[in-house]
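Residue strings, one per chain:
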Amino acid sequence: MTNTTPLNIGILAHVDAGKTTLSEALLYASGTLKKIGRVDHKDAFLDTYDLEKSRGITIFSKQARLTAFERNITLLDTPGHVDFSPEMERTLQVLDAAILVISSQDSSNAHVKTLWSLLNHYNVPTFIFVNKMDQAGANKDIILKTLTSSLSSHIVDFTLEMESEEFQEAIAVCDDNLMEQYLENASINDSNISDLIDDRKLFPCFFGSALKLEGIDFFLEKICKFCKIKHYPDEFGAKVYKIARDDDNTRLTYCKITGSGLKVRDMIKTVNPKTNEVLEEKIAQIRLYSGNSFKLVTSVPAGTVCAITGLSTTKAGEGLGYEQESTQELLEPILNCRIILTDDEDPYKVYMQLLELQEEEPMLHVYRIEQTCDIYVRVMGKVQMEILKHLMLTRFNTDIDFGEGRIIYKETIESTVEGVGHFEPLRHYAEVHLLLTPTGIGSGLTFDCNCSTDILAKNWQRLILTHLQEKKHVGVLTGSEITDMKITLTSGRAHNKHTEGGDFRQATYRAVRQGLMMAKSILLEPVYRYELNILQEHVGRAMTDLQQKNATIEPPIIENGKAILKGTIPVACLGNYAEEVRSYTKGEGSISCFLKDYEPCHNAEEVIESFAYDPEADLNNPPGSVFCSHGVGTVIPWNEVRHYMHVESEFLFDEEKNSSNDLDYNEEFMKSFNRKDLEKEDNRSFSEKQRDILASEKELHDIFERTYGKIPERNYNKDKDRNYNFDYIEKEKGISDSKYDEKILAKQKKNASLKKFLLVDGYNVLFASPYLNELAQKDLKGARDKLCDILSNHQGTCSEHIILVFDAYKVEGGKESISRYHNIDIVYTKEAETADQYIEKTSHILQKNYTVRVATSDSVEQLIIYGAGAVRLSARDFWNEIENSKVSLRNDHLEKSSTKLHNYVLGPDFKE
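This one's a predicted model, so the numbers in the text were calculated from it and none came from an experiment.

Trainee: Can you walk me through the overall build of the protein chain in this structure?
Mentor: Helices and strands together make up the secondary structure of the protein chain, namely 27 helices and 41 strands. When the 912 residues of the protein chain are sorted by exposure, 50% land in the buried category. Sequence-distant contacts, at least 24 apart, represent 70% of the contacts inside the protein chain between residues at least 6 apart. Accessible surface, the protein chain: about 44600 Å² in total, of which carbon and sulfur atoms supply 48%.

Trainee: Help me out: how do you make sense of unusual backbone geometry in this one?
Mentor: If a residue is not glycine, its phi is most likely negative; likewise, a peptide bond is most likely trans. Despite not being glycine, Asn550 has its phi angle at roughly 60°, a positive value. Within the secondary structure layout, Asn550 lies in the loop between helix H14 (539–548) and strand S30 (552–553). At Ala612, a position not held by glycine, the phi torsion is positive, near 50°. Topologically, Ala612 is positioned in the loop between helix H17 (604–611) and strand S34 (625–629).

Trainee: What is the right way to look at the pattern of salt bridges in this model?
Mentor: Where charged atoms of side chains with opposite charge meet at close range, the side chains can pair. Tallied over the full model, the rule gives 35 salt bridges. When the shortest N-O distance is used, the salt bridge between Asp374 and Arg338 registers 3.9 Å. Residue Asp374 is found in strand S20 (residues 374–379), and its partner Arg338 is found in strand S18 (residues 335–341); the two are separated by 36 residues along the sequence. Where salt bridges share partners, they join Arg245, Arg251, Glu356, Glu359, Glu360 and Arg395 into one cluster.

Trainee: What should I look at first to understand the sheet that holds strand S14 (residues 293–297) in this one?
Mentor: Hydrogen bonds between backbone atoms are what pair the strands of a sheet, whose relative direction is either parallel or antiparallel. Taking strand neighbours across the sheet as the criterion, the six strands line up as S14-S13-S16-S9-S8-S17 in an open arrangement whose pairing is antiparallel. Looking at the sheet topology across the chains shown, the edges are occupied by S14 and strand S17 (319–321). The average angle at which neighbouring strand axes cross in this sheet is 40°, direction not considered. With three bridges connecting them, strand S13 (residues 285–290) and strand S16 (residues 305–309) associate as antiparallel partners. The partner of Gln285 across the bridge, within S16, is Thr309.

Trainee: Hey, could you run me through the pairing of strand S25 (residues 430–438) in this one?
Mentor: Regular strands place side chains that alternate from one sheet face to the opposite one. Across seven bridges, strand S24 (residues 417–423) lies against S25 in antiparallel orientation. Considered in S25, the bridge of Gly419 is made with Leu434. Hairpin connection of S24 to S25: six residues between the antiparallel strands, including Arg427 at a positive phi of 70°. Relative to strand S28 (residues 485–494), S25 is paired through nine bridges, and the arrangement is antiparallel. Considered in S28, the bridge of Leu435 is made with Thr488.

Trainee: Can you help me understand the packing of helix H6 (residues 165–172) against helix H7 (residues 176–185) in this one?
Mentor: For any two helices packed against each other, one specifies the inter-axial angle together with the distance between the axes. Orientation of H6 relative to H7, taken along the N-to-C sense of each, is 145°, at an axis distance of 8 Å. Contacts from Glu165, Gln168, Glu169, Ile171 and Ala172 of H6 reach H7 at Leu178, Met179 and Tyr182.

Trainee: Is there a simple way to think about the packing of aromatic side chains in this case?
Mentor: The geometry of an aromatic ring pair is captured by two quantities: the separation of the ring centres and the angle between the planes. Evaluated as defined, the whole model comprises 19 aromatic pairs. Relative to Tyr289, the ring of Tyr254 has its centre 5.9 Å away and its plane inclined at 40°; by these criteria the two rings are tilted. Of this pair, Tyr254 sits in strand S9 (residues 251–259) while Tyr289 sits in strand S13, and the two are 35 residues apart along the sequence. Taken as a pair, Tyr254 and Tyr289 share a single burial class, namely buried. Judged by centre distance (6.1 Å) and plane angle (85°), the ring pair of Tyr409 and Phe611 falls under edge-to-face.

Trainee: Help me understand helix H16 (residues 577–584) in this model?
Mentor: Because an α-helix packs 3.6 residues into every turn, residues spaced three or four apart end up facing the same way. Taken as a whole, H16 has its buried residues at Tyr577, Val581 and Tyr584. Projected down its long axis, H16 carries its buried residues within an arc of 80°, all on one side. Looking at the packing, one finds that the buried side of H16 touches strand S29 (521–535), H14, helix H15 (571–574) and strand S33 (590–600). Residue Lys586 follows H16 closely and has a positive phi angle near 55°.

Trainee: Even after reading the chapter, I still don't get the environment of Lys471, so can you show me in this structure?
Mentor: Here Lys471 shows up in the loop between helix H12 (458–469) and strand S27 (481–482). It is 8.8 Å that separates the C-alpha atoms of Lys471 and Tyr509, two residues lying 38 residues apart in sequence. Residues contacting Lys471, with those up to four places away along its chain left out, are Tyr509, Asn620 and Asn621. Polar side-chain contacts of Lys471 include one of 2.7 Å to the side chain of Asn621.

Trainee: Could you clarify how one ought to interpret the pairing of strand S8 (residues 237–245) in this entry?
Mentor: Counting buried positions along S8 gives nine out of nine residues, so the element sits mostly inside the fold. In the sheet, S8 pairs with S9 via eight bridges, with the strands oriented antiparallel. Pairing of Arg245 across the sheet is with Arg251, part of S9. What sits between S8 and S9 in their antiparallel hairpin is a turn of five residues, with Asn249 showing a positive phi close to 65°. Pairing between S8 and S17: three bridges, direction antiparallel. Paired with Lys239 across the two strands is Gly319, which belongs to S17.

Trainee: Hey, could you run me through the nonpolar core in this one?
Mentor: Soluble globular proteins tend to pack their nonpolar side chains together in the buried interior. Counting residues in hydrophobic clusters, the biggest one holds 50 residues, and the most contacted among them are Leu354, Leu532 and Tyr577. Element by element, the count of residues in this core is highest for helix H11 (residues 382–396), at seven residues. Counting 44 residues, the second largest nonpolar core, distinct from the first, contains Ala17, Ile99, Phe167 and Ala172.

Trainee: Please explain the confidence of the model for the protein chain as it appears in this structure.
Mentor: If pLDDT is low for a region, its predicted coordinates should not be looked at in detail. Mean pLDDT over the protein chain stands at 80; residues scoring 70 or higher make up 82%. Note on residues 747–754: pLDDT is under 50 here. Beyond four places in sequence and across chains, it has 14 contacts.

Trainee: I tried to follow the side chain of His538 on my own but got confused; where do I start?
Mentor: When you line up the elements, His538 lands in the loop between S29 and H14. You can call His538 buried: its relative accessible area is 13%. Here the side chain of His538 touches Tyr584 through a polar contact of 3.4 Å, landing on its backbone oxygen. What His538 contacts, discounting residues up to four positions off in sequence, is Tyr584 and Thr585.

Trainee: Got a minute to help me understand the sheet that holds strand S38 (residues 817–821) in this structure?
Mentor: Spatially, S38-S39-S37-S36-S40-S41 is the arrangement adopted by the six strands of the open sheet, whose pairing is mixed. The two strands at the open ends of the sheet, each matched to only one other strand, are S38 and strand S41 (871–873). For this sheet, the mean inter-axis angle between neighbouring strands, taken without regard to orientation, is 25°. Where strand S36 (residues 756–761) meets strand S37 (residues 800–806), six bridges bridge the pair, whose relative direction is parallel. Considered in S37, the bridge of Phe757 is made with His801. Contacting S36, S37, S38 and strand S39 (824–828), helix H24 (residues 780–795) runs over the sheet at an angle of about 170° to S37. Across the face of the sheet, helix H25 (residues 835–846) comes into contact with S36, S37, S38, S39 and strand S40 (851–855) while running at roughly 170° to S36.

Trainee: Can you walk me through the environment of Leu296 in this structure?
Mentor: Considering the arrangement of structural elements, one finds Leu296 in strand S14. For the pair formed by Leu296 and Gln285, sequence separation is 11 residues and the distance between their alpha carbons is 7.0 Å. In contact with Leu296, not counting residues within four places along its chain, are Gln285, Ile286 and Arg287.

Trainee: Is there a simple way to think about the packing of H14 against H16 in this case?
Mentor: Orientation of H14 relative to H16, taken along the N-to-C sense of each, is 160°, at an axis distance of 12 Å. It follows that H14 is roughly antiparallel to H16 by the angle criterion. Classified by chirality, the crossing of H16 by H14 is right-handed. Between H14, through Arg541, Ala542, Asp545 and Leu546, and H16, the contact on the second element is made entirely by Tyr577, Glu580 and Tyr584.

Trainee: Looking at this structure, how should I read helix H23 (residues 770–778)?
Mentor: Inspection of H23 places Tyr771, Leu772 and Ala776 among the buried residues, and these make up the whole buried set. Along the long axis of H23, the arc covered by the buried residues comes to 130°, so they all point the same way. Exposed and oriented more than 90 degrees from the buried face of H23 are Gln777 and Lys778.

Each value, and the rule that gives it
Residues numbered from 1 in each chain as written. Predicted model: local features only at pLDDT ≥ 70, side-chain atom pairs only at ≥ 80, totals over all residues. Heavy atoms only, no water. Helix = DSSP H or I, 4+ residues; strand = E, 2+ residues; numbered from the N terminus. Buried < 20%, exposed > 50% of the residue type's maximum accessible area, 1.4 Å probe, protein only. Contact = heavy atoms within 4.5 Å. Areas by Shrake-Rupley, 256 points an atom, 1.4 Å probe, with all protein chains shown as cover. Salt bridge = Lys/Arg side-chain N within 4 Å of Asp/Glu carboxyl O. Pairing = 2+ DSSP bridges. Axes fitted to C-alpha atoms, helices over the stretch in contact; angles between N-to-C directions. Phe/Tyr/Trp six-rings, centres within 6.5 Å; stacked < 30°, edge-to-face > 60°. Arc of directions from axis to C-beta. Polar contact = N/O pair within 3.5 Å; in protein donor to acceptor, adjacent residues only side chain to side chain. Core = buried A, V, L, I, M, F, W, Y, C linked by side-chain atoms within 4.5 Å. pLDDT = per-residue confidence, 0-100. Parallel < 35°, antiparallel > 145°, perpendicular 65-115°, else oblique. Left-handed = near helix turned anticlockwise from the far one by under 90°.

Right, here's the structure in full:
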């Protein structure tokens, strides 16, 4: 009777080891195929992609289903080429067992050792099949000796007679407890062998020829016999290992069901990676693929590898149900390449297309530089570039090319340092203290928390750790990703009223950045572990070459006129050395490499100079902190922030050694900042300002009618009267200014529930401020950002919805964009559209249902928006209004503080 629990077996190998040929042989031996396909004949069952057939290599992992020896098996064929190793690595996470295919002609290949380390990392039970034993020079004893010395001493020849004493002893030495059992009764059963294989204490080794079907039946029988039957929990779980699209562009989520089973129309909870929003989506189809075809089923049991449709936001490595997200992959790209486009291609469209491909290959790390519109991707090598180019052309009809690849560097720190970050614009508050500790080469980036809940609540601590993990933090030498350090949360502070989640994101990012600026950083470069196989006569030439390429060289292994050189070499120095080796050895030599790790860069100064990276000019990663002074958010330089922190530092440091005096904080600037934005002080009373505004509106009304004719009567709903219209309250005779002000305020409070809009002509208002005007001459973007911060703070005190509009009409090919900046909306107009035109259009639409004010000093625009039914506000009056709101806010705060002090000293019931 066939066991219904699926058995998922992956096949791994280095290039040309015969992996796909072995897959064909297993499918034929099980009766699944009537005829064996061949890679060289381009008719292999699992090579379904055109480029796979033409190049003769496996590019994408695929599945085949077979039944043999009462076991249902899903065979997963993985890519063998090093450029597609990340996809192979993701497949390892869903395997019950793996077959490592090794060529008899190249049993000590460096890539084999990489595969072996990955299998060990993911704890996958492994069977070894040595292929091509029919070729001349294949010696089983020599190969087995090489494998046991280079991979594991627990590799055992399973072609031996299993009842023989030699075989039994070889099994017994793999486990101390089994050795005692063997010495007592000299009996080892099949269950003992299965347990050892499952625990990765025993690695069965088989020999044969896949092309000639030698040893295939015996190999398949032993796999089915010794692979343990897996047991799964009742709770639903699934591990996603691949995202793809079919010929109809239907999104497919490939996964292994690890608990309970799955049915069509089941609701699955996923997380949108862009918004972190939890979604609940319905399973539309369940597909069981075998080669290029699939079978639709209504349900699958736990343990099944399948493809499902209906999920729109899943990603490779994601865990569904009880499953956790996968840990970071070991293999990663080492080249960063710029995408080259033809003149007629839209960069943004290409960027979105590459993001779609990134769902299928997350290691691409597609990113775009906004200022230049340049697009970059990370790749493993030239073969992957060719595949990407072909995919873009066939799927999207987009022709792309690649610029020269640039090595991906990383950065770490030399010694422990504390980083502090503070984010406190008006009505926001967060402070974070982090300890950055180096953890050694190859350790990666880890996060921890050592902060008392008496200092910072647990929910804020979890949020800070989330923000630390959600972003690729970059260093300060070249702007490269940081690694090999532990970042520990040590302290922080939140405000009961003003703190929001986004505040801690800003404070956390700034704390990391400030710590890196304080520390002594080290530039790291990727390093290969190489193995060079040459004739003995070429050893001298090879060692000279390697020394010139900054490689380390172990003592050469010389045997039978052949030599093996091993060591490490910087990726940047390797270049096309493989071609040089083939040239000077006349095709008899070869070099194989695999990524060992990142180590200190051999030419750090030269690389840093070539990047010309300025960490303080990186606006996406600011090292300074934001403090609130006189109601305005002010940036304090990174080397001055410690003097302004609200939480005492838990880390002792040498201030003279670690701080710099390049930037001095100007206290006088902070004292005068509030009034620098104003042309002059305005001492008019509230009633006088109100009358002047409305009088100027009346004057504008007359001018407009004289020029363009009478304005049609507008239908105002008297029950929904607006804050600003021409029917202002006339001041009665004998009424005081204070009483008149009270009437105005009462009317405004009555209409406060109405939605109101304030459209701000960005550059018109910006250049009306002397301070921002002066700043814009040096840094226009900085002036824009400052205006955004001022309006964001003002939004907290005004009842209108602020929309800030900037011109982008001179940007060729520019598209209208609307973004959210904290609590205001920012609009950049499209090509050939000015801010005036956008404001006029928007005013005309909004005024039909809402109150609209427009802040601008453009006289022509004032006439037009007035005709559209909006209320104009000059740039000068706009800046006065902002200043008045700050003064009012401070007075309210002082009044409340005074009342609290009065009640505390005299009691709330005391009357004079």
